[in-house]
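This is what each chain is made of:
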Amino acid sequence: MAESDAHVRDAVAVLRRGGLVAFPTETVYGLGADASSAAAVRRLYAVKGRPAHHPVIVHLGGADALDEWAAAVPPSARLLAEAFWPGPLTLVLRRSARVPDAVTGGRDTVGLRVPDQPLALALLRAFGGGVAAPSANRFGRVSPTTAADVRADLGADVDLVLDGGPCRIGVESTIVDCTGEEPVIARLGGVPREDVERCLGRAVEVRDRGAVAAPGTLASHYAPRARVHVVDAAGVPDTAAGLLGVGRAVGLLALDAPGGLPAGVRVLAAPADVGEYARVLYTRLREADALGLDDLLVIPPPPTGLGAAVADRLGRAAAAGTEER
Ligand code: TXA
Ligand code: MG
C-alpha cells in the first residue's frame, strides 16, 4: 500500500470517530469533520474559535452527491457544478433534510464543494459522506496553504494533518449563491468571475456585503498582524518614507518593485505573475509577521481573472485595521 493510502485510511478512521482531520485542497487547507455528526462539527467550531451561527462548507467526493445534500437544485447550479467540479467553486443551495443545523448555522441553505486535489478526493471518496471544513486556521487568521501552516496555527487541536504540499491555487473558492432569483457571487475566489459568467451566458453580480454577507467576507479574516496598506506604484516611495521616518518596520509586496524605494524597505520575494501572486499571498502575509514588520505596502495585481480574488483579499487585509479583530 502506498504511504498516502495508509494516511487516507487513518484519516477516514479519525473522521468516523468524530475527530478532526486537516487536509489539502487546491485552494487552502481545510479542517474537516464528519458533516453528519453534530458533535464532531461542534468540536470543529470550538477548535476554530468560530461563532456557531457561521455556516461551514460541506465537501463532497463527487458531483453525484449533490442531490443528497441539496434540495431544489436550479439549472444554473447544475451548469456550474458540471463546469467547475472538482474545482475551486462553492455552491450555496437549499439544504436537503440530511444536512444538520450544525453545519448551516441554522440557515436553510448549505455550501457545497468538490475540491480538485488528489488527497482530498481520495479522503472524501473513501469516507463516503460529507466533510464539513472551514479553512484550517483559527477564526480571523490568515488561511493556511501548507501543512506546516496548519500545524503552526492549530497544534495539537487537530487529530491528523494530511500533507499534500503547497496548495496549487492559494486563495479560497469562489462562492456562488444559487438560492435567489439570479445566481450571485458571494465571495471572489479560485474560479474567476469571467469564467462563471461565460458558463452561465450572462453577467453575474458580486454581492459580498450586506445582510447575507458570509463571515469569510469580514475584513479581519485575511489580515496579518502587520498593518496592510494598498498603494499604487507611484505612491510607494512617499508612503514608505513617511512610515520609516516614524520608526516603523516597512515591507513591500508587489509583482514589480517600483523605482525610488527608500533604503530600509524589506521587499518580499516578488511573484512572477498573477497565478503565483495568489499562490504565495498568504505565505507572504505570514512572512511579514515573521519578519516583525509593522507595515506592509502592497500593490495589488490588475483585478481581472484570478487577480480579482487577490485584490479582494488584499483590500480586506488593509481594511482590517479599521474593524474589530
Ligand atoms: O476554498 C475554500 O472554500 C476553503 C477550502 C477548505 O474548501 N474553505 C473555506 O471555508 O474557505 P471557510 O469556512 O473559511 O469559508 C467558507 C465561506 C464562509 O464565508 C461561509 O460563510 C460561507 O463559505 N458559507 C458556507 N455555507 C454557507 C451558506 N449556507 N450560506 C452562505 N455562505 C456560506
Ligand atoms: Mg476561512
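Residues numbered from 1 in each chain as written. Chains lettered and ligands numbered in written order. Predicted model: local features only at pLDDT ≥ 70, side-chain atom pairs only at ≥ 80, totals over all residues. Heavy atoms only, no water.

1. Observations concerning the overall build of the protein
If you tally the helices and strands in the protein, you get 11 helices and 14 strands. Taking 325 residues into account, the globule formula puts the C-alpha radius of gyration at 20 Å, and the protein, at 20 Å, falls close to it. Principal-axis analysis of the C-alpha atoms places the extent of the protein at approximately 60 × 45 × 35 Å. Restricting to contacts in the protein with at least 6 residues of sequence separation, those with at least 24 account for 67%. Counting only carbon and sulfur atoms, one obtains 52% of the accessible surface of the protein, whose full area is about 13200 Å². (Helix = DSSP H or I, 4+ residues; strand = E, 2+ residues; numbered from the N terminus. Rg over C-alpha atoms; globule rule 2.2 N^0.38 Å. Contact = heavy atoms within 4.5 Å. Areas by Shrake-Rupley, 256 points an atom, 1.4 Å probe, with all protein chains shown as cover.)

2. Thoughts on the environment of glycine 251
Within the fold, glycine 251 resides in strand 12 (residues 250-253). The class for glycine 251 is buried, based on a relative accessible area of 0%. Here the alpha-carbon distance between glycine 251 and valine 8, two residues 243 residues apart in the chain, equals 40 Å. Not counting the four nearest positions on each side in its chain, glycine 251 is found in contact with Val265, Arg266, Leu293, Asp295, Leu296 and Leu297. (Buried < 20%, exposed > 50% of the residue type's maximum accessible area, 1.4 Å probe, protein only.)

3. Focus: the domain arrangement of the protein
Under the domain assignment, the protein is made up of domain 1 (2-206) and domain 2 (227-320). Look at where the C-alpha atoms of domain 1 and domain 2 centre, and you get two points 29 Å apart. Taken together, the 18 residues of domain 1 in the interface contact 14 residues of domain 2. Of the roughly 1300 Å² buried between domain 1 and domain 2 on both sides combined, carbon and sulfur atoms contribute 55%. On the domain 1 side of the contact with domain 2, Val142, Val171 and Leu188 bury the most area, a combined 38% of that side's loss. Linking domain 1 with domain 2 are two salt bridges, by the criterion used here. A salt bridge links arginine 286 to aspartate 149, with the nearest nitrogen and oxygen atoms 3.6 Å apart. Tallied by class, residues from the side of domain 1 that touches domain 2 come to eight nonpolar, five polar and five charged. (Domains from an automatic or database assignment. Buried area = accessible area lost by both parts, 1.4 Å probe. Salt bridge = Lys/Arg side-chain N within 4 Å of Asp/Glu carboxyl O. Nonpolar A, V, L, I, M, F, W, Y, C, P; charged D, E, K, R; others polar.)

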